[in-house]
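Now for the letters of each chain:
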Amino acid sequence: MKKGLVLLTALLCMAPARSQVLISLIFGDKLNSPFLEFGLEGGANFSTITDLESSGTNVGFNLGFYFDLRSKKNPAWMINTGVIVKSPMGAHSIPVYSLNDVNLDNTFADGSVNREIRYFNVPILIKYQFKNNIYLKTGPQFGLLAKAFDEFKKEVDKDDVIYKKNIRDQIRVIDAGIALGAGYHMNVGNGLNITVQYYYGLVPVMKGDGPNVYNRSLYLTAGIPIGKGKAAQRRAEKEAELNKIVLPEDEMVKPKK
C-alpha cells in the first residue's frame with residue numbers, strides 16, 4: 001500500500017493532466033481501504049493577486065487527486081491531502097507595460113495583459129464530516145511553481161494578436177498560505193464530494209524589492225472516488241473466503257449403505 005501510494009504520487013506529479021486520469025484509474029482500487037479514500041477532483045478556480053492593478057479575476061480550470069485519511073477512533077475526522085496538478089492562478093487585465101521592443105510596444109499599446117501563474121499545489125487539511133454529510137476543512141497549502149507568463153493580447157482587424165512573455169524568473173518558486181473549505185458528500189454511487197474552498201496566500205508572489213502582492217483563489221470542485229467500489233468488492237470476497245468452513249475428508253459424514 002505505502003509503495004503504491006508513493007509511486008502514484010510521483011507519477012501524477014510528473015504526468016500531464018490527461019495522463020493523470022488514466023494512471024488514477026489503473027491504481028485507484030489499490031489505494032482505497034475502509035480508512036483511506038482516493039479519488040480525482042476538478043473544477044473551476046477564480047484567482048486574483050492582491051494590490052496588483054487589474055480589472056477582474058483570472059478564471060481557470062483545476063484538476064488533481066485527493067486522499068481522505070480517516071481516523072480509526074473517530075472516522076468523522078480525517079486528513080484531506082493530495083496534489084492539485086493543474087491549478088492556474090494570476091490576475092486578469094493588468095496594465096500594459098514596455099517589452100523593450102518598439103514594434104511590440106506599438107502593437108500592444110492599447111491591448112491588455114493577463115498574468116497566469118501555474119503551481120503544483122499540495123493542501124494538508126484537517127477535515128470534519130458531520131452526520132448530515134456536510135464537512136468543513138482547513139489547514140496549510142503549499143505550492144511549487146511550474147510556469148508563469150504574461151499574455152499580451154490585442155484585436156487587430158478582428159483577429160487576436162497574442163504574445164506570451166515568460167516571467168518565471170520573477171516569481172517565487174514556493175508559495176504557501178491557508179485554505180478553508182466547506183462541502184457536501186453526496187450519496188451517489190461511491191460518493192461525490194462537492195466543495196467550495198478559498199486559498200489565502202501568505203508568501204509574496206514576486207521576487208525583488210517591489211510592493212508585496214499575494215495569491216488569492218476560490219475553488220469550486222467535484223471529487224469522485226476512484227476504485228472504491230472495486231476495492232470494497234475485493235475485501236468482501238476475501239472476507240467470504242475466510243468465513244468458509246471446510247471439513248477434513250476424514251471428518252466428513254459418509255452416507256450409510
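This section reports on the structure supplied with the text. Bear in mind that the values here come from a model prediction, so they are computed numbers and not experimental data.

## Here we look at the overall build of the chain
Item 1. Looking only at helices and strands, one finds 4 helices and 10 strands in the chain.
Item 2. Counting from the amino terminus, the chain carries its helices and strands in the arrangement α-α-β-β-β-β-α-β-β-β-β-β-β-α.
Item 3. Relative to its full complement of 257 residues, the chain shows a buried share of 38%.
Item 4. Accessible surface, the chain: about 15,200 Å² in total, of which carbon and sulfur atoms supply 60%.

## Focus on empty space enclosed by the protein
Item 1. Within this structure, the stated rule accounts for 3 cavities of 30 Å³ or more.
Item 2. Put simply, the largest cavity is a space of about 100 Å³.
Item 3. When contributions to the lining of the largest cavity are tallied by element, the ones reaching two or more residues are strand E2 (58–70), strand E3 (77–86), strand E5 (112–129), strand E9 (192–201) and strand E10 (215–225).
Item 4. Top contributing element to the lining of the largest cavity by residue count: E2, with 3 residues.

## Describing unusual backbone geometry
Item 1. Of note, aspartate 51 is a non-glycine position whose phi angle comes to about 60°, a positive value.
Item 2. Mapped onto the elements of the fold, aspartate 51 is located in the loop between strand E1 (36–49) and E2.
Item 3. Not every positive phi belongs to a glycine, and serine 93 is a case in point at roughly 55°.
Item 4. Relative to the helices and strands, serine 93 resides in strand E4 (residues 88–94).

## Describing the nonpolar core
One recurring pattern in soluble globular proteins is that nonpolar side chains are buried together.
Item 1. By size, the foremost hydrophobic cluster in this structure holds 20 residues, and its most contacted members are Ile117, Tyr119, Leu145, Ala148, Ile171 and Val205.
Item 2. Contributions of two or more residues to this core are made by E4, E5 and strand E6 (134–156).
Item 3. In contact with isoleucine 117, other than residues within four places in its own chain, are Ile49, Ser87, Pro88, Met89, Gly90, Leu145, Lys147, Ala148, Ile171 and Val205.
Item 4. Counting residues in hydrophobic clusters, the runner-up holds 8 residues, among them Leu36, Phe38, Val85 and Ile226.

## A look at the pairing of E9
Item 1. Side chains Asn193, Thr195, Gln197, Tyr199 and Gly201 project from E9 onto a buried face, and the interleaved Leu192, Ile194, Val196, Tyr198 and Tyr200 project onto a face without burial.
Item 2. Sheet analysis places E9 next to E10, joined by 8 bridges and oriented antiparallel. Across the sheet, the residue bridging to tyrosine 200 is arginine 216, located in E10.

## Re a nonpolar patch on the surface
Item 1. Together, Ile178, Val196, Tyr198, Tyr200, Leu202, Leu218 and Leu220 make up a nonpolar patch on the protein surface, roughly 590 Å² of accessible area in all.
Item 2. Elements supplying a minimum of two residues to the nonpolar patch: E9 and E10.
Item 3. Among the elements that make up the nonpolar patch, the one with the highest residue count is E9 (3 residues).
Item 4. Within the secondary structure, leucine 220 sits in strand E10.

## A short note on the packing of aromatic side chains
Item 1. Under the defined criterion, the tally for this structure stands at 9 aromatic pairs.
Item 2. Pairing phenylalanine 65 with phenylalanine 67 gives two aromatic rings, centres 5.7 Å apart and planes at 90°, and the pair type is edge-to-face. Across the pair, exposure class does not vary: phenylalanine 65 and phenylalanine 67 are buried alike.
Item 3. With a centroid separation of 6.5 Å and 40° between ring planes, the pair formed by phenylalanine 108 and tyrosine 163 is classed as tilted. Remark: tyrosine 163 occurs in strand E7 (residues 159–166) and phenylalanine 108 occurs in the loop between helix H3 (102–107) and E5; sequence separation between them is 55 residues.
Item 4. Taking relative accessible area as the criterion, phenylalanine 108 reaches 3% and is therefore assigned buried.
Item 5. Residue classification places tyrosine 163 among the partly exposed residues on the basis of a relative accessible area of 32%.
Item 6. Within the aromatic cluster, the residues linked to one another by ring pairs are Tyr97, Phe108, Phe152 and Tyr163.
Item 7. A cation over a ring is seen here: arginine 216 above tyrosine 200, with NZ or CZ 3.6 Å from the ring centre.

Criteria and thresholds
Residues numbered from 1 in each chain as written. Predicted model: local features only at pLDDT ≥ 70, side-chain atom pairs only at ≥ 80, totals over all residues. Heavy atoms only, no water. Helix = DSSP H or I, 4+ residues; strand = E, 2+ residues; numbered from the N terminus. Buried < 20%, exposed > 50% of the residue type's maximum accessible area, 1.4 Å probe, protein only. Areas by Shrake-Rupley, 256 points an atom, 1.4 Å probe, with all protein chains shown as cover. 1 Å grid on protein atoms, 1.4 Å probe; cavity = no way out; pocket = protein on both sides within 12 Å on 5 of 7 lines; lining within 4 Å. Points joined across faces, edges and corners; volume = space filled by probe spheres on them. Core = buried A, V, L, I, M, F, W, Y, C linked by side-chain atoms within 4.5 Å. Contact = heavy atoms within 4.5 Å. Pairing = 2+ DSSP bridges. Patch = residues over 30% accessible without salt bridge, like charges linked within 9 Å, V, L, I, M, F, W, Y side chains within 5 Å. Salt bridge = Lys/Arg side-chain N within 4 Å of Asp/Glu carboxyl O. Phe/Tyr/Trp six-rings, centres within 6.5 Å; stacked < 30°, edge-to-face > 60°. Lys NZ or Arg CZ within 6 Å of the ring centre and 35° of its normal.

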